[in-house]
Amino acid sequence: MAGLKYYERTKLLIELIEKRKTGSPEDLAKKLQVHKRTVFRIIDDLRLTESFEIVFCKKSKSYIFSEKK
């Protein structure tokens, strides 16, 4: 069951990043109903598997996908 929750949270995180509606890490943790540290852990996992880099944009106050260098 825990794997399913992780998958659902990861899927929701990707959707929020694509829409640029993640907010700050604290806001994102509330949206995903997890601790802030878990947010960072999920983002780190995505960084390893995605072909795009995930960065926090201060201008839009949201995580975004950007091309890897």
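Here the residue numbers are simple positions, counted from 1 along each chain's written sequence. The predicted origin of the model limits local features to residues at a pLDDT of at least 70 and limits the giving and counting of side-chain atom pairs to 80 or more, whereas totals for whole chains, interfaces and linings rest on all residues. Heavy atoms from the whole structure form the basis of all side-chain values; hydrogens and water molecules are not counted.

## Brief notes about the packing of helix H2 (residues 25–32) against helix H3 (residues 36–49)
For clarity, the threshold we go by: Interaxial angles span 0 to 180 degrees and are taken between N-to-C directions of axes, which are lines fitted to C-alpha atoms, for helices over the stretch in contact. Secondary structure counts use DSSP, requiring at least four H or I residues in a row for a helix and at least two E residues in a row for a strand, with both numbered from the N terminus. Each angle receives one of four descriptions, namely roughly parallel if under 35 degrees, roughly antiparallel if over 145, roughly perpendicular if within 65 to 115, and oblique otherwise. Whether two residues are in contact is decided by their heavy atoms, any of which lying within 4.5 Å being enough. All residues other than Ala, Val, Leu, Ile, Met, Phe, Trp, Tyr, Cys, Pro, Asp, Glu, Lys and Arg, Gly among them, are scored as polar; the first ten of these are nonpolar and the last four charged.
The contact between H2 and H3 brings their axes to 8 Å, and the two run at 90°. Here H3 runs roughly perpendicular to H2, going by the angle between their axes. Of H3, the residues touching H2 (which contributes Pro25, Glu26, Leu28, Ala29 and Leu32) are Lys36, Val39, Phe40 and Ile43. For the contact of H2 with H3, a count of residues per class yields seven nonpolar, no polar and two charged.

## What to know about the pattern of salt bridges
Here is the rule we go by: Each salt bridge in this description consists of a side-chain nitrogen of Lys or Arg and a carboxyl oxygen of Asp or Glu lying within 4 Å of one another. Relative accessibility decides the category of a residue: with a 1.4 Å probe and only protein chains considered, values under 20% of the type maximum give buried, values over 50% give exposed, and everything between is partly exposed.
Counted by the stated rule, this structure contains three salt bridges. The salt bridge partner of Glu26 is Lys36, with a shortest N-O separation of 3.0 Å. Of the two residues, Glu26 sits in helix H2 while Lys36 sits in helix H3, which places them 10 residues apart along the sequence. Its relative accessible area of 37% is what places Lys36 among the partly exposed residues. With a closest N to O distance of 3.3 Å, Arg47 and Glu53 form a salt bridge.

## Thoughts on the pairing of strand E2 (residues 62–67)
The test is simple: Strands pair, by our definition, only if DSSP identifies at least two bridges between them.
In this structure, strand E1 (residues 52–57) lies alongside E2, joined through six bridges in antiparallel fashion. Considered in E2, the bridge of Glu53 is made with Ser66.

## A word on the side chain of Thr22
So the rule is basically this: Side-chain atoms alone can form a polar contact between residues adjacent in sequence; in general such a contact is a pair of N or O atoms within 3.5 Å, and within protein one must be able to donate a hydrogen while the other accepts it.
Relative to the helices and strands, Thr22 is located in the loop between helix H1 (2–19) and H2. A distance of 2.9 Å separates the side chain of Thr22 from the side chain of Ser62, its partner in a polar contact. Within the structure, Thr22 has its side chain in polar contact with the backbone nitrogen of Tyr63 (distance 2.8 Å). Aside from chain neighbours lying at most four places away, what touches Thr22 is Leu13, Leu16, Ile17, Asp27, Leu28, Lys31, Ser62 and Tyr63.

## Points about the packing of aromatic side chains
Two descriptors summarise a pair of aromatic rings, namely the distance from one centre to the other and the angle between the planes of the rings. Going by this rule: Side-chain rings of Phe, Tyr and Trp, where Trp is taken by its six-membered ring, are said to pair if the distance between their centres is within 6.5 Å; with planes under 30 degrees apart they count as stacked, over 60 as edge-to-face, and otherwise as tilted.
Evaluated as defined, the whole model comprises one aromatic pair. With 5.1 Å between their ring centres and 75° between their planes, Phe56 and Tyr63 make a pair best called edge-to-face. What makes Phe56 partly exposed here is its relative accessible area of 35%. For Tyr63, a relative accessible area of 5% puts it in the buried group.

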